[in-house]
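Chain by chain, the residues:
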Amino acid sequence: MKEDILYHFALGTGTHDFPALFGDVKFVCVGGSPSRMKAFIAYIAEELGLGSPGGDYPNICAGTDRYAMYKVGPVLSVSHGMGIPSISIMLHELIKLLYHAKCSNITIIRIGTSGGIGLEPGSVVITRQSVDATFKPQFEQVILGKTVIRSTNLDEQLAKELMQCSKEIGQFNTVIGNTMCTLDFYEGQGRLDGAICLYNEEEKLQYLKEAYDSGVRNIEMESSVFAAMCNLSGVKAAVVCVTLLNRLEGDQISSSHDVLVEYQQRPQKLVGYFIKKSLGKV
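Residue positions within a chain follow its written sequence, with the count starting from 1. In keeping with the predicted nature of the model, local features appear solely for residues at pLDDT of at least 70, side-chain atom pairs appear and are counted solely at 80 or more, and the whole-chain, interface and lining totals rest on all residues. For side-chain calculations, the full set of non-hydrogen atoms in the structure is used, while hydrogens and water are omitted.

*Asks:* Which parts of the structure should I look at to understand the pattern of salt bridges?
*Replies:* Oppositely charged side chains can form a pair if their charged atoms are brought close together. The rule for a salt bridge is simple: a side-chain nitrogen of Lys or Arg has to be within 4 Å of a carboxyl oxygen of Asp or Glu. Applying the stated criterion across every chain, the model contains eleven salt bridges. Notably, a salt bridge pairs E47 with K276, separated by 3.2 Å at the nearest N-O pair. Placement of the pair is E47 in helix α2 (residues 34-48) and K276 in helix α7 (residues 257-278), with a sequence separation of 229 residues. Looking at E47, the relative accessible area reads 28%, which means it is partly exposed. Residue classification places K276 among the buried positions, given a relative accessible area of 17%. The helix and strand labels rest on DSSP assignments: H or I over at least four residues marks a helix, E over at least two residues marks a strand, and numbering proceeds from the N terminus. Burial classes follow relative accessibility: with a 1.4 Å probe on protein chains only, a residue under 20% of its type's maximum area counts as buried, one over 50% as exposed, and anything between as partly exposed.

*Asks:* Hey, could you run me through the UniProt feature "binding site: substrate" (unreviewed entry) in the protein chain in this one?
*Replies:* UniProt positions are given in the numbering used here, feature names are shortened, and annotations may be inferred rather than shown by experiment. Per the UniProt entry, the sites bearing "binding site: substrate" (unreviewed entry) are Q189 and R191 in this numbering. As for the annotated residues named above, the ones lining the largest pocket are Q189 and R191. Tracing the backbone through its elements, the reader meets Q189 in the loop between β10 (174-181) and α5 (201-213). In this description, contact between two residues means that some pair of their heavy atoms is separated by no more than 4.5 Å. When neighbours within four sequence positions are excluded, Q189 is seen to be in contact with T182, D184, L208, I219, E220, M221 and R247. Buried and open spaces are told apart on a 1 Å grid over the protein atoms alone, a cavity being a set of points where a 1.4 Å probe fits but cannot get out and a pocket being an open set with protein on both sides within 12 Å along at least five of seven lines. Residues with an atom within 4 Å of a point are the lining residues.

*Asks:* What is the right way to read the layout of surface pockets from this model?
*Replies:* Grid points are joined across faces, edges and corners, and a volume is the space filled by probe spheres set on the points. Considered as a void within the structure, the largest pocket measures approximately 370 Å³ in volume. Together, 21 residues line the largest pocket, and M82, T113, F185, M221 and E222 are the ones closest to its centre. Going through the elements one at a time, β6 (107-116), β11 (216-220) and β12 (236-246) are the ones with two or more residues in the lining of the largest pocket. Top element by residues in the lining of the largest pocket is β6. It accounts for five residues. By volume, the second largest pocket is sized at about 250 Å³. Around the second largest pocket, the lining residues are I84, D132, A133, T134, Q138, F139, E140, C181, T182, L183, G188 and S224.

*Asks:* Explain α2 here, please?
*Replies:* Spacing of three or four residues puts side chains on the same side of an α-helix, whose turn is 3.6 residues. A helix's residues, less one, multiplied by 1.5 Å, set its expected span. In this model α2 runs 21 Å from its N-terminal to its C-terminal C-alpha over 15 residues, within 8% of the 21 Å that 1.5 Å per residue would give. What α2 keeps buried is the set R36, M37, F40, I41, I44, A45 and L48. Of the surrounding elements, those touching the buried residues of α2 are β3 (27-31), β4 (69-72), β5 (75-79), β6 and α7. G49 lies just past α2 and shows a positive phi near 70°.

Okay, here's the thing in structure tokens:
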């Protein structure tokens, strides 16, 4: 192509100098919410001593309302919306952006929230493998009418490094475990409180206990395609999510706003520390 238009980012190789804008990027952090990813870039700027305290960080994708993107130094922070389709569109364009910018040795980390299984709320899970709703470590997609199955393993060494960082911080419980990625927040995750529910509590608990016994420690809705696409692209990747509740004890997220905000900062703190350590600033 003479020009590559990254439509959902409102960026294009004909209108933007990708190597000048993004060539120094080494770490990409992605998460569902635009406001959370803006908060992360402000946090990492302060941690790395870049930018001025309380400084504003413009949204690089201001020409669209699909995704938000922020940058400081070698760190790019991008929102991906909710669910597999949304993050998959973002990742296609993000991977092309990094290619056009001639970036190398990139680490991509998804930071987010999840429902825990058998963990105290506020625990952080570093994903070993993303599994589907039948506990298989795979991402299944129909391409040109044919079912394609892709691996969802994540970088083992990166997971260990992140675990070591959490031990050094020593502020919250962190585990390495499998993450179940579902297509839905309600029935797909065995909740009893959706608009439709054709199973009972006993069946729900049996399913969640089977998930726990298979190694699953949390549930979210993006990790499978994230792992699959990063694998195919040869990019080191990790998923770091905080648990907002223990699904064995209920379905509704009832913690106060302040408690939830503090929980959501835990993956940011862990990944921020990892980036500082990687850059020799710890």
